[in-house]
Structure formats: C-alpha cells, structure tokens
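Listed below, chain by chain, are the residues.
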Amino acid sequence: MTSDIKDSARRTRVRHQGQPTINDVARLANCSPMTVSRVINSKESVREETRQQVLAAIAELNYTPNRAARSLAGGEQLRVALLFDNPSASYLSEFLMGALAEATRGDVHLVVQSCPTLADAPPIMRNLADGGIQGFILPPPLCDDQSVLDLVSELGAVAVAVGPGKATGTQASVMIDDFQAAYDMTRHIIDLGHKRIGFIIGNPEQVASLRRLNGYRAAMEDAGLDLPAELVVQGRFTYRSGLDGAEKLLSVKPRPTAIFASNDDMAAATVAVAHRRHLDVPNDITVCGFDDTAMASTIWPELTTVRQPIREMTAWAVSAIATIIRKKRAGERFKYEQKTLPYTLVRRESDAAPSLVTREGIEKK
C-alpha cells in the first residue's frame, strides 16, 4: 500500500467518525463507487491494478459492506474466525491481507483472534462459537492438532486448514508441498557446488517443519553428501531462534558454505550473524530462506527463497469456508476440498557457488 493511500485514509478517518462508506473507498482508490461494488462482488470486469487499489483502500479504511444491502442480494452474512499464532510479522501480514481481501469480496464477517498456545484454543473457540462464529480458519500448529479439529466438530462448526503438514478428510485444506519445495531448494544449493549445507528447522509443533527437514535430508542423501548432526539445528520460525541457530552453525569447524533456513525470518537472522562475523553473503556463505515474505526483499542482500503463495492460500480458505457454510445452511451436499497450490523458487542475491578460498579451506580440514 502506498504512502499516498495511507495519508488519504487518515484524512478520511478524521472527516468521518463513523463507519467509512463505499464513496470513501472510491475516493481513496480514485475510482467510481460502481467500480468498488464490482470489486466487492468479485466481478471480472475490473483491471487488476484497479482491483488492487480498491482492496488496499478497503483494508486501510477497514471498510465493511452494508449488511442490510448485501443481505437482499445474497442472504445472511457469514461469521468466520481466523485464529493465528505465528511469530513472524511478515508471514502474518501476508496471511491477513489475503483473508481480509477475500472476506470483503464474499461478505464474510471475519474475526481475527490471537491464540498464543494450543492450550488456549478450546476456551477461545468455545467463546467464539457462543458468539455466533460458524467456521474457523486454522493455520499451523492449530490445524495439525487433532484435539482442535475434534473441537470444531463438537461445536457444529466447519474449518479450513491453511498450511497443514498433511491433508485429512475431516476439513478442507490448502497447502503447498513442503517436502518437495525444501528438496528443490536444497538441490539448487547443491547444484551451485555446495557440499556442507546447514539447515535450521522450524517450529517443532508444526508438521510442515518436519516435512521441510525431510526434504532437505532427502536431497542431501540423493546427492550422496554427508549429513553430520552438527549441520542441523533447531529453530522456531522466529528471528531470535534464527540468530541462535546461525551462531551454532557458523561455529562448526569446518563451517558450512551454505545455510538453508526454514523461513525468511530465520534466514534474515542468519545473514545478520554472517555480517557480524565479517562474512560476505553470498561470496563467503550462501543463505536461503522459505516463504518469500516481505522480509526476503527488504534486507541486504535480498534472499533467495521459496515463494509460498500465502495470500492466495488464505483467500482460497475464506472462499472455501464460505461455500461450505452456505451449502450446509441450505441443506446441500458439500465436500471438503484439498487444495495444493504451486510454489516457486525465487532466486535473488544471497546465493552463489562456494568461493575457491572456502572450498580449499574445507578440503584441507
């Protein structure tokens, strides 16, 4: 979102102490109210650039379509809760933007609720259900916990899992192939000429973390490379855990020539530790991440990473849960769809072939 939109939005909020209107959104997005309506109703006859301007204005103004007017066109508004517990602000930003944009288009009242631990989930979910919540969007580790999924059924609600370690038949889900994505990234690093590749694992409570670890291991084994225990360290998807993990890996003798971290926050932390040790990235050490959040392209050097389509995943989740709830309400048959979206290996500036000095140093040792 541009600074112009943010500044204009602040002026709009000063003028209007109540709920922003569709005219406010149109003014902020520099388009007509009819165009805003088309975007909200997911009409195709809107240029993508204009659509993104409208969605940015909606998000900045926290605009909610008029419920009475929308109910005449499509029935009672749906109430869905998005629970989250992710320490990465970059990941959370992508996660929320996709969900909020789709909720606006589909007239879904989205409640965003922090759930700090798995133990907090039952009382939070019960309170939300008592307040009229009909469905839950569950990111990991919530979507990987069977007790949470059982509670969804007990409450008579529905759920969509976003980024689970594996699909089940008890709820809809959307994910990428974490194993293959990590395999491909590791293979890319190997193809650059690296043999000693360190790996920082993600949150141990998330099945996707194990799948990424297994992808890394499989690529190393398929290439016939040694995998000593000291080259794999535990992280938790946090920047802090990335700092600790990178310190351990860069203290190993001989040190790895490349480090693959399970998310961009930990990869960014690894770059910081390398710089503190006067190592050039990528000439002295290659660093790669996972997710392709804003963090990946705002640090120096910009990260080579796996792009997980986080916004698209959460947008699909909101659309899917709305469809399920509406069909369930109408007594129609529905199925829990399992959606796997494509990932992309995005190469930027943080990877390179190991330098001659580094290779010779390792070979001598």
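Residues numbered from 1 in each chain as written. Predicted model: local features only at pLDDT ≥ 70, side-chain atom pairs only at ≥ 80, totals over all residues. Heavy atoms only, no water.

Caption draft 1: Structural view of the side chain of Asn203. Among the secondary structure elements, Asn203 is positioned in the loop between strand E6 (197-201) and helix H10 (207-222). Given a relative accessible area of 9%, Asn203 falls into the buried group. Not counting the four nearest positions on each side in its chain, Asn203 is found in contact with Ser209, Gly235, Arg236 and Phe237. (Helix = DSSP H or I, 4+ residues; strand = E, 2+ residues; numbered from the N terminus. Buried < 20%, exposed > 50% of the residue type's maximum accessible area, 1.4 Å probe, protein only. Contact = heavy atoms within 4.5 Å.)

Caption draft 2: Region of the structure containing the packing of helix H9 (residues 178-191) against H10. Close contact between H9 and H10 brings their axes to 7 Å; oriented N to C, the two are set at 40°. Here H9 lies oblique to H10, going by the angle between them. Crossing of H9 over H10 shows right-handed handedness. Across from Asp178, Phe179, Ala182, Tyr183, Thr186, Arg187 and Ile190 in H9, the residues of H10 making contact are Ala208, Arg211, Arg212, Asn214, Gly215, Tyr216, Ala218, Ala219, Met220 and Asp222. Counted by class, the contact of H9 with H10 contains 9 nonpolar, 3 polar and 5 charged residues. (Axes fitted to C-alpha atoms, helices over the stretch in contact; angles between N-to-C directions. Parallel < 35°, antiparallel > 145°, perpendicular 65-115°, else oblique. Left-handed = near helix turned anticlockwise from the far one by under 90°. Nonpolar A, V, L, I, M, F, W, Y, C, P; charged D, E, K, R; others polar.)

Caption draft 3: Quick peek at empty space enclosed by the protein. Considering all chains together, one arrives at 1 cavity of 30 Å³ or more under this definition. Size it by volume and the largest cavity reaches roughly 140 Å³. The wall of the largest cavity is formed by 13 residues, among which Tyr91, Gln206, Arg212, Phe237 and Gln308 lie closest to the centre. Its residues assigned to classes, the lining of the largest cavity shows 4 nonpolar, 6 polar and 3 charged. (1 Å grid on protein atoms, 1.4 Å probe; cavity = no way out; pocket = protein on both sides within 12 Å on 5 of 7 lines; lining within 4 Å. Points joined across faces, edges and corners; volume = space filled by probe spheres on them.)

Caption draft 4: Structural view of helix H6 (residues 89-105). Across its 17 residues, H6 extends 24 Å between first and last C-alpha, which sits within 8% of the 24 Å expected from 1.5 Å per residue. Directly beyond the C-terminal end of H6, a positive phi value near 55° is found at Asp107. (Expected span 1.5 Å × (residues − 1).)

Caption draft 5: The packing of helix H11 (residues 239-249) against helix H12 (residues 264-276), seen in detail. Where H11 contacts H12, the two axes come as close as 7 Å, and the packing angle between them is 45°. In terms of their interaxial angle, H11 and H12 are classed as oblique. Crossing geometry of H11 relative to H12 is assigned as right-handed. Note on element contacts: H12 touches H11 through Asp265, Met266, Ala268, Ala269, Thr270, Ala272, Val273 and Arg276, opposite Tyr239, Ser241, Gly242, Leu243, Ala246 and Glu247.

Caption draft 6: Fine view of the sheet that holds strand E2 (residues 108-114). Sheet architecture is open: 6 strands sit in the order E2-E1-E3-E4-E5-E11, paired in parallel fashion. Strands at the two margins of the open sheet, each flanked by one partner only, are E2 and strand E11 (338-340). Averaged over all neighbouring strand pairs, the angle between strand axes comes to 15°, with direction disregarded. Strand direction decides the pairing type here: strand E1 (residues 78-84) and E2, joined by 7 bridges, are parallel. Bridge pairing in E2 links Arg79 to His109. The sheet strands contacting helix H8 (residues 146-154) are strand E3 (135-138) and strand E4 (158-162), and the helix crosses E3 at an angle near 165°. (Pairing = 2+ DSSP bridges.)

Caption draft 7: Local environment of the pairing of strand E8 (residues 258-261). In E8, alternate side chains face the same way, and those of Ala258 and Phe260 on one face and Ile259 and Ala261 on the other are all buried. The pairing of E6 with E8 spans 4 bridges and is parallel. Across the sheet, residue Gly198 finds its bridge partner in E8, namely Ile259. Strand direction decides the pairing type here: E8 and strand E9 (residues 286-291), joined by 3 bridges, are parallel. Within the sheet, the bridge partner assigned to Phe260 lies in E9 and is Cys288. Tracing the backbone out of E8, into H12 and back to the parallel element E9 gives a crossover that is right-handed. (Right-handed = clockwise from strand over helix to strand, strands pointing away.)

Caption draft 8: Summary view of the pattern of salt bridges. Scanning all chains against the criterion turns up 16 salt bridges. As a salt-bridge pair, Arg348 and Asp292 come within 2.9 Å of each other at their nearest N and O atoms. Taken together, the residues Arg348 in the loop between strand E12 (344-346) and helix H14 (356-364) and Asp292 in the loop between E9 and strand E10 (304-307) connect sequence positions 56 residues apart. Ionic contacts of the salt-bridge type, sharing partners, join the residues Asp178, Arg212 and Asp291 into one network. (Salt bridge = Lys/Arg side-chain N within 4 Å of Asp/Glu carboxyl O.)

Caption draft 9: Spatial organisation of helix H2 (residues 22-29). Looking at H2, one finds that the buried residues are Asp24, Val25, Ala26, Leu28 and Ala29. Asn30 sits one or two positions beyond H2 and adopts a positive phi of about 60°.

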